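Each chain is listed here by its residues.
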Amino acid sequence: MRTASASTTRASTITAEPCSRCDGRGTCPSCAQRRKHAWRLVTVDGLSHEETAERMHLTPARVRLLVAQERDRQDLERYRLNMIATERVRTFLEHEIERTPGLNRAEIAHYLDMKQIDLDRQLGYEPGKNGRRQRKVGIEAASRLVIALGRAPHELDGC
Ligand SMILES: [Zn+2]
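Here the structure is a predicted model, which is why all the values come from computation and not from measurement.

### A look at the overall build of the protein chain
Inference 1: Regarding its fold elements, the protein chain presents eight helices and two strands.
Inference 2: Among the 159 residues that make up the protein chain, the fraction classed as buried is 23%.
Inference 3: Considering only contacts in the protein chain between residues 6 or more positions apart, those separated by 24 or more positions represent 57%.

What follows is the structure, encoded as structure tokens:
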């Protein structure tokens, strides 16, 4: 993340080196705090990396790194929230199949304009190309499935 030009700025006078507790990965409590603080100053308060660096007694390169780490962490969190356990979706699906005569996964795949093998992989019935069963599926894909079954996406929550 750190660029060669940025890391040379006044590195001797201030905290340029990655933290020794977490090796600069930003995972220890004090880095987590710095990371959030830097992110807030840059993203919420609109300070430049240089201004933030000055205020936090860090180098701009370090600030850039902290902000990037915080952004990654938030992306990951968002991603996690947008996923749903395939097990829950399978339970829902099987319940629907049970109560709907003639319904099966081939039929459902057809509704969704997918091959059954792709549906089975997406929902963890079959291992994926990497040999592992999918344990999570995106909320959007799960919603499409529920809608294809003529149900409302929020009904999935009740499983
Ligand atoms: Zn640390």
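### Considerations on the environment of Val 63
Inference 1: Along the polypeptide, Val 63 turns up in helix α4 (residues 60-81).
Inference 2: On the basis of neighbour count, Val 63 is assigned to the buried category, with 28 C-beta atoms found within 10 Å.
Inference 3: Val 63 sits 14 residues away from His 49 along the chain, and the two C-alpha atoms are 6.2 Å apart.
Inference 4: Apart from residues no more than four positions distant in its own chain, Val 63 is found in contact with Ala 38, His 49, Thr 52, Ala 53, Met 56 and Leu 58.

### Some remarks on the nonpolar core
One broad trend across soluble globular proteins is that nonpolar side chains are buried collectively.
Inference 1: In this structure, Ile 84, Val 89, Phe 92, Leu 93, Ile 108, Leu 119, Leu 123, Val 137, Ala 142, Leu 145, Leu 149 and Leu 156 together form the largest nonpolar core, which totals 12 residues.
Inference 2: Listed by contribution, the elements that provide at least two residues to this core are α5 (86-99) and α8 (139-148).
Inference 3: No other element matches α5, which puts three residues into this core.
Inference 4: Listed in part, the 11 residues of the second largest apolar core include Trp 39, Ala 53, Val 63 and Leu 66.

### Considerations on the packing of helix α2 (residues 29-44) against helix α3 (residues 49-56)
Relative orientation and spacing of two packed helices are given, respectively, by the angle between their axes and the distance between those axes.
Inference 1: Two elements in contact, α2 and α3, have axes separated by 9 Å at closest approach and are oriented at 135 degrees. Here α2 lies oblique to α3, going by the angle between them. The element α2 and its partner α3 pack so that their crossing is right-handed. Each of Arg 34, His 37, Ala 38, Leu 41 and Val 42 in α2 lies in contact with α3, whose residues at this interface are His 49, Thr 52, Arg 55 and Met 56.
Inference 2: Residues belonging to the contact of α2 with α3 are distributed by class as follows: four nonpolar, three polar and two charged.

### A short note on unusual backbone geometry
Inference 1: Phi at His 57 takes a positive value of approximately 55 degrees, unusual for a residue other than glycine.
Inference 2: Here His 57 shows up in the loop between α3 and α4.
Inference 3: Phi angles above zero are rare outside glycine, and Asp 113 is one such case at about 60 degrees.
Inference 4: Position of Asp 113 among the secondary structure elements: in the loop between α6 (105-111) and α7 (116-122).

### Considering the confidence of the model for the protein chain
Inference 1: Overall, the prediction assigns the protein chain a mean pLDDT of 86, with 87% of residues at 70 or greater.
Inference 2: Taken together, the stretch residues 1-14 has pLDDT below 50 and engages in 21 contacts with residues farther than four places along the chain or on a different chain.

### What about the environment of Arg 151?
Inference 1: Considering the arrangement of structural elements, one finds Arg 151 in the segment after α8.
Inference 2: Look at Arg 151 and you get partly exposed, because 14 C-beta atoms sit within 10 Å.
Inference 3: Between the alpha carbons of Arg 151 and Glu 96 there is a distance of 9.5 Å; along the sequence they are 55 residues apart.

Definitions and cut-offs
- Residue positions are given per chain, counting from 1 as you read along its sequence in written order.
- With pLDDT at 70 or above as the cut-off, local features in this predicted model cover only qualifying residues; side-chain atom pairs require 80 or more to be listed or tallied, and sums for whole chains, interfaces and linings still use all residues.
- Helix numbers and strand numbers start at the N terminus; a helix is a DSSP run of H or I with at least 4 residues, a strand a run of E with at least 2.
- Three classes are used. A residue is buried when 20 or more other C-beta atoms lie within 10 Å of its own, exposed when 12 or fewer do, and partly exposed in between, with C-beta atoms placed from the backbone.
- Contact between residues is assigned whenever the C-beta positions, reconstructed from backbone atoms, fall within 7 Å.
- Only buried residues count toward a nonpolar core: Ala, Val, Leu, Ile, Met, Phe, Trp, Tyr and Cys, linked into one set through C-beta atoms within 7 Å.
- Note on geometry: axes are C-alpha line fits, over the in-contact stretch for helices, and angles between N-to-C directions span 0 to 180 degrees.
- Working rule for angles: under 35 degrees goes down as roughly parallel, over 145 as roughly antiparallel, 65 to 115 as roughly perpendicular, anything else as oblique.
- Here a crossing is taken to be left-handed if its near helix is turned anticlockwise relative to the far helix by less than a right angle, and right-handed if that turn runs clockwise.
- Following the grouping adopted for this structure description, the nonpolar residues are Ala, Val, Leu, Ile, Met, Phe, Trp, Tyr, Cys and Pro, the charged ones are Asp, Glu, Lys and Arg, and the polar ones are all others, Gly among them.
- Every residue gets a pLDDT, meaning the predictor's confidence in that residue, from 0 to 100.

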